[in-house]
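Overview (structure and organization)
Residue strings, one per chain:
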Amino acid sequence: MPVRGAVMLHVLNHISKKRHRVLKNNERLAKAVSSPPEDVQDQGFTRPSVLILVPFRSFALRWVAALTSHTPPPSYQIENHARFQTEYGLPPGAVDKLSEAAPGVYPKDHVEMFKGNVDDSFRLGIKVTRKSVKLFSEFYSCDVIIASPLGLRMSIEKEKNADFLSSIEVVIADQLDAMTMQNWDHVQFAFSNLNQMPKNSHDTDFSRIKPWILDGNGDFLRQTVLFTAYETPETRALFNKSLKNVAGKIRTEHFWPPLQVPEGVEPSFIRFDCLSPKDELDKRFDHFTKHLFPSVMKSAVQSANTVVFVPSSFDFIRVQNHFRSLVGTTHTVLSEYSSNQDISRARQAFFAGNKSFLLVSERFHFFRRYKIRGIRNLIFYGPPDHPQFFSEFLSFPFLDDGVDASDVTCRVLYSKYDFFRMERIVGTNEAVAMVSAI
Amino acid sequence: MPEPEEASTSSTAVTFESLGLIDPLLEALEQMKFKTPTDIQVEALPHAFQGRDIIGVASTGSGKTAAFALPILQKLWEEPRGLFACVISPTRELAYQISQQFEALGSAMGVRCAVIVGGMDLMSQRVALAKKPHIVVATPGRLNDHLENTKGFSLRTLKFLVLDEADKLLDLDLGPVIDKILKVIPKERTTYLFSATMTTKVAKLQRASLSNPVRVEVSSKYSTVSTLLQYYLFIPMVKKDANLIYLANSLASNTIIIFTRTVHDAQRLSMILRTLGFPAVPLHGQLSQSARLGALAKFKSGGRKILVATDVASRGLDLPSVDIVINYDVPTSSKDYIHRVGRTARAGRSGKSITIVTQYDVELMQRVEAVIGKKMELWPTDEEEVALLRERVDEASRLAANELKDQTKAGLRKKRRRDSALVADDVDRDDDIVEAGMPLKRKKRS
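Below: a short report on this structure. (Residues numbered from 1 in each chain as written. Chains lettered and ligands numbered in written order. Predicted model: local features only at pLDDT ≥ 70, side-chain atom pairs only at ≥ 80, totals over all residues. Heavy atoms only, no water.)

A short note on the sheet that holds strand β5 (residues 160–164) of chain B
All names here are of chain B. Overall, parallel pairing links the seven strands, which are arranged β3-β4-β2-β5-β6-β1-β7 in an open sheet. Taken across any chain shown, the strands that pair with only one partner, and hence form the sheet edges, are β3 (113–116) and β7 (214–217). On average, adjacent strands in this sheet sit at an angle of 15 degrees to one another, irrespective of strand direction. Direction of pairing for strand β2 (residues 85–88) relative to β5: parallel, over a ladder of four bridges. Bridge assignment links C86 to a residue of β5, and that residue is L161. Packed on one face of the sheet, helix α5 (residues 92–105) meets β2, β3, β4 (135–138) and β5 and runs near 180 degrees to β3. (Pairing = 2+ DSSP bridges. Helix = DSSP H or I, 4+ residues; strand = E, 2+ residues; numbered from the N terminus. Axes fitted to C-alpha atoms, helices over the stretch in contact; angles between N-to-C directions. Contact = heavy atoms within 4.5 Å.)

A word on the sheet that holds strand β3 (residues 123–128) of chain A
The strands making up a sheet associate through hydrogen bonds between their backbones, and the pairing can be parallel or antiparallel. Residue and element names in this part refer to chain A. Spatial strand order, β2-β4-β3-β5-β1-β6-β7: seven strands in an open sheet with mixed pairing. Looking along the sheet, the strands with just one partner apiece sit at the ends: β2 (77–79) and β7 (223–226). Sheet twist, expressed as the mean angle between neighbouring strand axes with direction ignored, is 15 degrees.

Points about the packing of aromatic side chains
Centre distance and the angle of the planes are the two values used to describe a pair of aromatic rings. Using the criterion set out here, one finds 32 aromatic pairs over all chains in the structure. Between F364 of chain A and Y370 of chain A, the aromatic rings sit 5.9 Å apart at their centres with planes inclined by 10 degrees, giving stacked as the arrangement. Residues F68 of chain B and F102 of chain B carry aromatic rings whose centres are separated by 6.2 Å and whose planes lie at 45 degrees to one another, so their mutual orientation is tilted. A residue pair is termed long-range when its members are at least 10 positions apart, and F68 of chain B in helix α4 (residues 64–78) and F102 of chain B in helix α5 qualify at 34 residues. Taking relative accessible area as the criterion, F102 of chain B reaches 0% and is therefore assigned buried. An aromatic cluster of three or more residues is present, and its members are F269, F309, F380, F390, F393, F396 and Y414 of chain A. (Phe/Tyr/Trp six-rings, centres within 6.5 Å; stacked < 30°, edge-to-face > 60°. Buried < 20%, exposed > 50% of the residue type's maximum accessible area, 1.4 Å probe, protein only.)

Focus: the interface of chain A and chain B
Counting from both sides, the interface comprises 16 residues of chain A and, opposite them, 10 residues of chain B. Interface area for chain A against chain B, summed over the two sides, is near 1100 Å², with a carbon-plus-sulfur share of 63%. Taken together, the connections running from chain A to chain B amount to one salt bridge. A salt bridge links K131 of chain B to D215 of chain A; the nearest nitrogen and oxygen atoms lie 3.3 Å apart. Residues of the side of chain A that touches chain B, tallied by class, amount to six nonpolar, five polar and five charged. (Buried area = accessible area lost by both parts, 1.4 Å probe. Salt bridge = Lys/Arg side-chain N within 4 Å of Asp/Glu carboxyl O. Nonpolar A, V, L, I, M, F, W, Y, C, P; charged D, E, K, R; others polar.)

Thoughts on a nonpolar patch on the surface
Residue and element names in this part refer to chain A. Judged by side-chain polarity, W212, F220, L221 and V246 come together as a nonpolar surface patch covering roughly 370 Å² of accessible area. For V246, the position within the fold is in the loop between α10 (233–242) and β8 (268–271). Here V246 falls in the exposed class, since its relative accessible area comes to 62%. (Patch = residues over 30% accessible without salt bridge, like charges linked within 9 Å, V, L, I, M, F, W, Y side chains within 5 Å. Areas by Shrake-Rupley, 256 points an atom, 1.4 Å probe, with all protein chains shown as cover.)

Spelled out as structure tokens, the structure:
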């Protein structure tokens, strides 16, 4: 991605200019013995000034590659590079099924997201000097921190302070969409710990600290860059609330065209009304259990070979409990916590028709991307965040032989708070009309 | 425009204006309703404007703080810069009060003060110092801690050093710390020493390394102000509590400070008083800093009319409208006596002090009387009424003793941890700590 290269160039520029200024002031201070200069406030409480948040180790690898592409070997030395490659790449001898597979076996976006090392708990300090880039540098003497939200949180909780985040000037969050699939709480935790007053002094020279950082206004002069494939209410809230740069903020608007679905299949979108986002969860559940589901159960055809796709993990548990309490229906589940054995058993039972309902969570599909066979009916408890999941599920019935488009039904439950998701499925124009219709 | 009061009060008619103060200060003084300078201000300001070192001695409540604050602020106006002056005070409460005074006087010129005292968060103080405030008001222990451990903080640019309650600061307990601080402060500075009681020992004064100082004294000998009426109460030791309650009861409409020698007594008496329905708050060095400030605020605002304090509160604190000071114990040093009773009868107001004397304290009392050069009068009491009170007081005192025991048991663990965290800070722990260290702390739980 050329964007990474450009961003890294900006980061390097920021760090080296800052470093240059500090060194120059050091020199001035050393020379002036009698009357030291006063205008030397050029640092933060701690040295790290750039934070890069990424979901997996493989992305850390890509960001570091982008960094080192600007620091070519003869003039720069990369320290600990071999260790970095072994820890952040795949273990020797391991075969990456995703990148080795023939094109078309796995969806392209899945390969892009999950190829390489997908460990999600790590943090890495990088120290940049005039002649070298030192990976695995100690946190308080590094310039750039690359970490996953989880790795950052673990390190903050272990040290019982977030002092190393007190003077961050540039934050780059890559693949926010993947982070919403991980644990959004960790992302919020990381952002809430940025630019806070540190608890310890860490041998800081207090006469060198920039005045706005002393005043606790670091938030307002921090640059934040968020990259995401699509927006969710969470990422928009982060944009609205955590980005306070006095220079202002911008975001790109994306216009979504309507999604291509297999010909002949007519998804029916069922809207339920709800006035406050607080009630949304309950209203959705009510509508599902009282209206949508009973009408499905009336039909013998629709109450078999049916997949219930649930985007949120919280809703998933609730729906699963509801199915458990029902008498006379059989169901099985595929969630992100299912073991490989559970998965194959569930798929088998569903395909064979032994279980009439299959509950699938969005995270399961995000992390595993199985093709599920034997689907005739689809119920989306809510529209999925990933638009491609919608078209994928709609195309799954046609994996089996002799399925006609008229055999397939699809229902999608939505409310006006699903605007972002609906937009990606039915297109921006249509979504505006659908959520505003009374 | 001469005001009628001015003409009548003094024959020389010195005004702040005639002393040569600049407009922003005059403005602030007017807002604070200070119309005429006090004696010490009249004496000290001209010398100060000449840039000389000053030793200032004036009785309690005579406006000493303004006497050193005004010349500093005036100089600051001429050459504004960060870390311009440092005021050292022996107690934390006094430090806050001095900083408030500086802020009030310098409000028109936007002066920035930082209070650096023990018991508060180190990190936020480091940040406050890094912002280069004009005036630093500090207690010695914490200031020294910052000088040694806060990288990038120094007092190299300091122009003024003030030791408030200088005799206390130059005393044995705090002397070594003061020495350390003085070593890192530039020699070319102006130094002011102020107190109501001043040591005469040359060796001690040399510590402050003054250069050609002028001694400004407005009261001839250590003295108490004339508007203060001083009484004593001679009673047997066992009836001390009952008599104190009798006093509190018969003087219930007044604002009272009761001084005790130990933290234990302060805590115990405030409990007894509260059990018996008197609005009392304790103030001593074993309370957390926020509790101390809270107690003081309650008392100042008039929410509580009785303050039971150790010598932490004896010096410098300007608590307006204190009517009566009661000494539960006769202070061991006569200087302390002067400072204690100086909490009342401030700035020309009247006030009373009552010292409870038991059979063991007679000699101490005579010594105090010799120093202030006055004979005190006996405070009349009604023996019968005291006797009537006795039973209830004893009951309350039993309750208080039990409660204290429970508190120490519960708080022992927590307190110990807190103490170890504050070890570096011990020097700041104020006047009463040596006397008042509760033995309970050292007791090991079996």
